[in-house]
Amino acid sequence: MKYSPKNYALALNQALEGKPETKKGAILKNFLVVLKKNGDQRLAHKILEIFKGLVVRQKGGHHVLLELARETPDTSTQSILKKFGEKDWVETSINPSLVAGIRVTLDGEQELDNSLAKKLHKLFNRN
Amino acid sequence: MAYDIIEKLKKEIEGFKDEAGFENVGIVTETSDGIARVSGLAGALSQEILNIETETGDIPTLASNLEESSIGTIILGDFEKVKIGHRVRQTGKVLSIKVSPEIIGRVVDPLGRPLDNKGVIFKNPEKAEEYRLEKIAPSVINRESVKIPVHTGVKAVDAMIPIGRGQRELIIGDRGTGKTAIALDAILNQKQDPGRPQMICVYVAVGQKNSKIAKIIKTMEDAGALKYTVVVSAPASAPAALQYLAPFAGCAVGEYFMEKGQDVLVVYDDLTKHAQSYRELSLLLRRPPGREAYPGDIFYLHSRLLERSAKLSKEQGGGSLTALPIIETQLGDVSAYIPTNVISITDGQIYLESSLFYQGLRPAVNVGLSVSRVGSSAQTKAMKKVAGRLRLELAQFRELQAFVQFASDLDPNTKKKIDRGEVLTEILKQSDREPISFEKQVVILYAGINGFLDDIPKTRVKEFEQKFTDYLEKMHREKVLAAIEKTNELNEETEKNLKVALEEFKKIF
């Protein structure tokens, strides 16, 4: 039987729920073995995305993707990260295609784009 | 000039304001063969246009499958430029095409972009109106029954399978049997039907060869038919998305003129390829396949399109939209899935048969299997007078023709009926791109059924027809042709004049 990424993510989340930190490693390892056995390794990325969503939703936070145009001093990054709460799952990445500035994506559905690339795109694609 | 351009650009850049704020966004998670799957955008509407932001600019995409965690979209541009990770934004617009009278005479794609190298379509874009491709058909209250004929210029059709304005008449047959030729004749004939309001024609080419479309446009241009025609083209080289949208775009163009109170003729050439393109998209969107791998809503696809053909009531402006959908059959199999669907939706069909075509009977209309369910109420009195008897004579001829193959001796009465049938069959033969005006059809059919051609050899029937109509045009225009044209009737006086003209002409023929 084929399982959807959502099914995998829900199962993993339920398996990890309430378990002590010491056992979580083994559960994750078993999960990867099951994934390999079912030949669904290619779904790993999708499962992870859904899993992140489930975890933050349970905590009542947001999945935040912070994209920066280039490497910035740790102090600057830290000051930005402080803006988010403990309930949020914050990821940072370097995205040179932004040219300059920063882009924040919330739960993969909403974004605050303050990059130069966006401004240029808006300028050149105005009707 | 260069200074002006730079100044204008400078002002635009200086005046550009962009305030960042939270916006809804989607992300392309999958893309293949004109389809993109988008995550996010939970508030997107069905049939909404979304913009995919690519490196080379925005590409529109049509939200089609609204699923629990993603949206299946049909890309309406260069799908090879779409990559995973591209941002997608809502536009709040549903798919529509800009229409104004300026579109007449133009060749456009289903999104309304010109394809004829004649420059921009709308010199006054503010006068153009946006017409939705998907629209609900006029309700029963806003309709009335068909009462004005659409003269196709094809004798067999106008006499025996009459079409009314607002009707949907299917043209069905194998490949190469003259389906497009009949539809094209109907378009060409609209310039020589002065007794009725001028029709606006829309020719929708779906999945046709580019060479064929070019030839059709050239024919229309040479005949002066492009002056009242719009061509919506989605050739075989166009993506399946455009082929799927083309009939809806053609219908939207037609609806614009219908709602302005005009009569419109829309030819969908052809709906078989339209169904195939929709099947392709549906399978790519992973919709469950049904019979012949078509999706479950294939019937609704065609019914909602053809239901938009209507004759509007006076209160609604009295316009009409007549549809001539074309279906291509395989080895004459009318019981296949798509043909039966469209036969049941339309108000009749013109069935073209390859065996008749190869026998030299062109147009190869099988009169027995062809039918028009509502057109007879729109037929003119003059045509009704001659066509009623024509059907009867031909039916008798066909019955006897089968009989003759077994019997060698025939009584004079049967022989006469067979001869008459042969003459009438000859009369109904007609070359393509030579539509005949309605009043000329009436006089030649009158001559045929009243025995004026019984003593003319079969080989000379065509010549008789040509010369007699020329003779009438020169000698009896007012008394016969103009009288029929004006009154739409073949009254006693006109009939008497016609008889005199026929007798006179036969003396010199």
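The sections below set out a description of the structure shown in this document. (Residues numbered from 1 in each chain as written. Chains lettered and ligands numbered in written order. Predicted model: local features only at pLDDT ≥ 70, side-chain atom pairs only at ≥ 80, totals over all residues. Heavy atoms only, no water.)

### Topic: the overall build of chain B
Using the following cut-off: Secondary structure elements follow DSSP: runs of H or I no shorter than four residues count as helices, runs of E no shorter than two count as strands, and numbering proceeds from the N terminus. Burial classification: accessible surface area is computed with a 1.4 Å probe over protein chains only, and a residue below 20% of its type maximum counts as buried, one above 50% as exposed, and the rest as partly exposed. Should any heavy atoms of two residues lie within 4.5 Å, those residues are counted as being in contact. Computed by Shrake-Rupley with a 1.4 Å probe, the accessible areas treat only the displayed protein chains as cover when residues are assessed. In this tally Asp and Glu are treated as negative and Lys and Arg as positive; neither His nor the chain ends contributes. Charge positions are represented by NZ for Lys, CZ for Arg, CG for Asp and CD for Glu.
The helix and strand inventory of chain B stands at 15 helices and 19 strands. Overall size of chain B, expressed as C-alpha extent along the three principal axes, is 90 × 55 × 45 Å. Across the 509 residues in chain B, those meeting the buried criterion constitute 54%. When contacts within chain B are restricted to residue pairs at least 6 apart in sequence, those whose partners lie at least 24 apart make up 74%. When the accessible surface of chain B is totalled, it reaches about 22,800 Å², and 53% of it is carbon and sulfur. Treating the 69 positive side-chain charges of chain B as one cloud and the 70 negative ones as another, the clouds have centres 4 Å apart.

### Things to note about the pattern of salt bridges
All names here are of chain B. To keep it simple, the criterion reads: Salt bridges are counted wherever a side-chain nitrogen of Lys or Arg sits within 4 Å of a carboxyl oxygen of Asp or Glu.
Counted by the stated rule, this structure contains 46 salt bridges over all chains. With a closest N to O distance of 3.6 Å, K81 and D78 form a salt bridge. Residue classification places K81 among the partly exposed positions, given a relative accessible area of 37%. Here R143 makes a salt bridge to E307, at a shortest N to O gap of 3.9 Å. Separated by 164 residues along the polypeptide, R143 in the loop between β10 (129-132) and β11 (149-150) and E307 in the loop between α7 (298-306) and β17 (320-328) bring together distant segments of the chain.

### Points about the pairing of strand β6 (residues 70-75) of chain B
All names here are of chain B. Applied cut-off: Here, a strand pair is defined by DSSP locating no fewer than two bridges between the strands.
Counting buried residues in β6 gives 6 out of 6 residues, a clear majority hidden from the surface. Because side chains alternate across β6, one face comprises the buried residues S70, G72 and I74, and the other comprises I71, T73 and I75, equally buried. Alignment of strand β3 (residues 35-40) against β6, held across 5 bridges, turns out to be antiparallel. Each bridged residue has a counterpart across the sheet, and for S39 the counterpart in β6 is S70.

### Structural notes on helix α12 (residues 438-449) of chain B
Residue and element names in this part refer to chain B. Filter applied, for reference: Given a helix with a known number of residues, its expected span is that number minus one, times 1.5 Å.
Helix length check: α12 (12 residues) gives 16 Å between terminal C-alpha atoms against 16 Å at 1.5 Å per residue, within 8%. Among the 12 residues in α12, 11 count as buried, and that is most of the element. Here α12 has its buried residues at F438, E439, Q441, V442, V443, I444, L445, Y446, A447, G448 and I449. For α12, the elements touching its buried residues are α2 (155-160), α10 (381-404), α11 (412-428), α13 (461-475), α14 (477-487) and α15 (492-508). Where α12 terminates, the next one or two residues include G451, which has phi positive at roughly 80°.

### A few points about the interface of chain A and chain B
Often, the extent of an interface is quoted as the loss of accessible area upon association of its parts. Under the convention used in this document: Polar contact is the term for a pair of N or O atoms within 3.5 Å; when the atoms are in protein, one must be able to donate a hydrogen and the other to accept it, and sequence-neighboring residues count only if both atoms are side-chain atoms.
Residue-level contacts link 20 residues of chain A with 21 residues of chain B. Along the contact surface separating chain A from chain B lie 6 salt bridges. Measuring nitrogen to oxygen at the nearest pair gives 3.8 Å for the salt bridge that ties R87 of chain B to E67 of chain A. At the boundary of chain A and chain B, one finds 10 residue pairs in polar contact (both at pLDDT 80 or more). Broken down by secondary-structure element, the contributors of at least two residues to the side of chain A that touches chain B are β3 (101-106), β4 (110-115) and α5 (116-124) of chain A. Across 3 bridges, the pairing between β4 of chain A and strand β1 (residues 22-24) of chain B is antiparallel. In the strand pairing of β1 of chain B, Q110 of chain A is matched with N24 of chain B.

### A look at the side chain of E53 of chain B
With respect to the helices and strands, the residue E53 of chain B is situated in strand β4 (residues 48-54). A polar contact of 2.6 Å, which involves the side chain of E53 of chain B, links it to the side chain of R89 of chain B. Not counting residues up to four positions away in its chain, the partners in contact with E53 of chain B are H121 of chain A together with D58, H86, R87 and R89 of chain B.

### Regarding the environment of S335 of chain B
Residues and elements named next belong to chain B. Tracing the sequence through the fold places S335 in the loop between β17 and α8 (337-345). Setting aside its immediate chain neighbours within four residues, S335 contacts R291 and T340. Of the polar contacts made by the side chain of S335, one reaches the side chain of D333; its length is 2.7 Å.

### A look at a nonpolar patch on the surface
Spelled out, the test is: The patches described consist of residues with a relative accessible area above 30% and no salt bridge, like charges being joined within 9 Å and nonpolar side chains (Val, Leu, Ile, Met, Phe, Trp, Tyr) within 5 Å.
Taken together, the side chains of V99, L116, L120 and F124 of chain A define a hydrophobic patch exposed on the protein surface, amounting to about 370 Å² of accessible area. On the secondary structure map, V99 of chain A appears in the loop between β2 (89-94) and β3.

### Topic: the layout of surface pockets
This is how the line gets drawn: Cavity: a set of points on a 1 Å grid over the protein atoms alone where a 1.4 Å probe fits but cannot get out. Pocket: an open set with protein on both sides within 12 Å along at least five of seven lines, its lining residues, like those of a cavity, having an atom within 4 Å of a point. Grid points are joined across faces, edges and corners, and a volume is the space filled by probe spheres set on the points. For this scheme, ten residues count as nonpolar: Ala, Val, Leu, Ile, Met, Phe, Trp, Tyr, Cys and Pro. Four count as charged, namely Asp, Glu, Lys and Arg, and the remainder, Gly too, count as polar.
Of the pockets and cavities examined, the largest pocket occupies roughly 1,900 Å³. Forming the boundary of the largest pocket are 49 residues, of which E49 and I50 of chain A together with T29, S39 and S69 of chain B lie nearest the centre. Every element with two or more residues in the lining of the largest pocket is listed here: α1 (5-16), α3 (44-59), β1 (63-68), β2 and β3 of chain A together with β2 (26-32), β3 and β6 of chain B. Here the lining of the largest pocket takes 9 residues from α3 of chain A, the largest share from any one element. The class makeup of the residues in the lining of the largest pocket is 16 nonpolar, 16 polar and 17 charged.

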